[in-house]
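Here is how the chains run, residue by residue.
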Amino acid sequence: MVILLKQHAPQAEQERLLAWLRELGAEVRVTGTPERPFFCLTGDISRIDPSLAARFPAVEDVLRLTEPYPLCSRRLHPEPTVVSVGGARFGGGNFGLIAGPCAVESEEQIFTAARQAKAAGVCLLRGGAFKPRTSPYDFSGLGAEGLRLLIAAGHETGLPVVSELMSTAQLDAFADVDVIQIGARNMQNFDLLRALGRSEKPVLLKRGVGATLQELLLSAEYLLAAGNPRVMLCERGIRTFDTFTRGTLDLAAVPALHEMTHLPVLVDPSHAAGRAALVTPLALAAAACGADGVMVEMHPDPLHARCDGAQALLPEELAALSQRLHAVREACR
């Protein structure tokens, strides 16, 4: 159940309603904005009569939601959420391009990539320091040193940085990372989601390879319920029967999620395709169907990349993609 409050409802009236709800056994989360808050009720709400709740002077409406993700729900929050990172904005008509190498491999590599990304018009620099790899024998990142180099490259170029967090034990090391990515493998790592929900950092939450859209939103709900509203979703391909590509990019997820939730929706075509030749057309298609941003992999020298070189764009390909994305968005306005 959700109770929408009147705009600028007096604090004393809000407190009186809150006390009544808790007296009846409801667990109440106060969310929304200071000017227009609403109460999200969970737990045992069987004793709460909606008609009685509606009689409180602070109440505008009482809703019973059918969705199991009330804080993510578009019905409860009709206006799109805009997540700001430095000068970049995602959602609400804003679009951002995120790019960088799959993994930080050396100081020269990440600084070169950062400069090339900046020149191409990228608004966030990506780079993995702690890499979850399917095989234990594959390169899994430089760890804390890779994170230090990524942050330094971001500072030199003025680009905010995004990197993947794998464990709550790494939280302190990510203090200077601007956006924390939760990868597909950790989409349902609920302890990790709760911990990030207690922070104020923007979170980029990737869809698991076998996850439904509802499961993705329920994972996002963990973040919002713990208090962090700065959440972005990312479609990165799901597992199907086809093996030509690394995954199957579900572009229908973009308009579907926009119908279901107010959160920004980004697309990662690099991990879906696994082939550099497919990344640009998929990225353009993502922009055309309304994505709030695209994240792609770029490497100064893909032939010698230690991680996912086959799907990495060359710097000149990234620059061309950036211009074409702008053209597609203009055409689709």
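Residues numbered from 1 in each chain as written. Predicted model: local features only at pLDDT ≥ 70, side-chain atom pairs only at ≥ 80, totals over all residues. Heavy atoms only, no water.

S.K.: How would you summarise the sheet that holds strand β4 (residues 59-63) if you had to cite specific residues and measurements?
M.R.: The strand order β2-β3-β1-β4 describes an open sheet built from 4 strands, whose pairing is antiparallel. What marks the edges here is a single partner per strand, and that holds for β2 (26-32) and β4. Between one strand axis and the next, the sheet turns through 20 degrees on average, direction left out of account. Here strand β1 (residues 2-5) pairs with β4 via 4 bridges, running antiparallel. Bridging from a neighbouring strand, Ile 3 pairs with Val 62 of β4. (Pairing = 2+ DSSP bridges. Helix = DSSP H or I, 4+ residues; strand = E, 2+ residues; numbered from the N terminus. Axes fitted to C-alpha atoms, helices over the stretch in contact; angles between N-to-C directions.)

S.K.: Talk me through the packing of aromatic side chains; I want residue IDs and the actual numbers.
M.R.: The tally for this structure, following the rule as stated, stands at 3 aromatic pairs. Ring geometry for Trp 20 and Phe 56: centres 5.0 Å apart, planes at 45 degrees, overall tilted. In this pair, Trp 20 sits in helix α1 (residues 11-23) while Phe 56 sits in the loop between α2 (50-53) and β4, placing the two residues 36 residues apart along the sequence. Ring geometry for Phe 190 and Tyr 222: centres 4.4 Å apart, planes at 15 degrees, overall stacked. In this pair, Phe 190 sits in helix α5 (residues 190-197) while Tyr 222 sits in helix α6 (residues 213-225), placing the two residues 32 residues apart along the sequence. Taking relative accessible area as the criterion, Phe 190 reaches 29% and is therefore assigned partly exposed. Given the relative accessible area of 27%, Tyr 222 is considered partly exposed. The lysine or arginine in question, Arg 275, covers the ring of Phe 244, its NZ or CZ lying 4.0 Å from the ring centre. Here the guanidinium or amino end of Arg 306 rests over the ring plane of Phe 139, the centre of that ring lying 3.8 Å away. (Phe/Tyr/Trp six-rings, centres within 6.5 Å; stacked < 30°, edge-to-face > 60°. Buried < 20%, exposed > 50% of the residue type's maximum accessible area, 1.4 Å probe, protein only. Lys NZ or Arg CZ within 6 Å of the ring centre and 35° of its normal.)

S.K.: Please provide a residue-by-residue account of the side chain of Gln 14, values included.
M.R.: Here Gln 14 lies in helix α1. According to the relative accessible area criterion, Gln 14 is buried, its value standing at 8%. When near neighbours in sequence (up to four residues on either side) are disregarded, Gln 14 contacts Leu 5, Ala 9, Pro 37, Phe 39 and Ala 58. (Contact = heavy atoms within 4.5 Å.)

S.K.: Talk me through the packing of helix α3 (residues 107-120) against helix α10 (residues 315-331); I want residue IDs and the actual numbers.
M.R.: Look at α3 against α10: their axes get within 9 Å of each other, and the N-to-C directions meet at 25 degrees. As far as their axial angle goes, α10 and α3 are roughly parallel. Handedness of the crossing formed by α3 with α10: right-handed. Residues Gln 116, Ala 117 and Ala 120 of α3 form the contact with α10, whose own contacting residues are Pro 315, Leu 318, Ala 319 and Ser 322. Looking at the contact of α3 with α10 residue by residue, the classes come out as 5 nonpolar, 2 polar and no charged. (Parallel < 35°, antiparallel > 145°, perpendicular 65-115°, else oblique. Left-handed = near helix turned anticlockwise from the far one by under 90°. Nonpolar A, V, L, I, M, F, W, Y, C, P; charged D, E, K, R; others polar.)

S.K.: Could you give an account of the layout of surface pockets, with specific residues and numbers?
M.R.: Roughly 580 Å³ of volume is contained in the largest pocket. Around the largest pocket, the lining is made up of 31 residues, and of these Thr 134, Arg 185, Arg 236, Arg 246 and His 271 lie nearest the centre. The dominant element in the lining of the largest pocket, judged by the number of residues it contributes, is strand β9 (residues 161-164), at 3 residues. The calculated volume of the second largest pocket comes to roughly 370 Å³. Lining the second largest pocket are 20 residues; nearest its centre among them are Thr 31, Gly 32, His 77, Pro 229 and His 262. Among the secondary structure elements, those contributing two or more residues to the lining of the second largest pocket are β2 and β5 (83-85). By residue number, the principal contributor to the lining of the second largest pocket is β2, which donates 4 residues. Classifying every residue of the lining of the second largest pocket gives 8 nonpolar, 9 polar and 3 charged. (1 Å grid on protein atoms, 1.4 Å probe; cavity = no way out; pocket = protein on both sides within 12 Å on 5 of 7 lines; lining within 4 Å. Points joined across faces, edges and corners; volume = space filled by probe spheres on them.)

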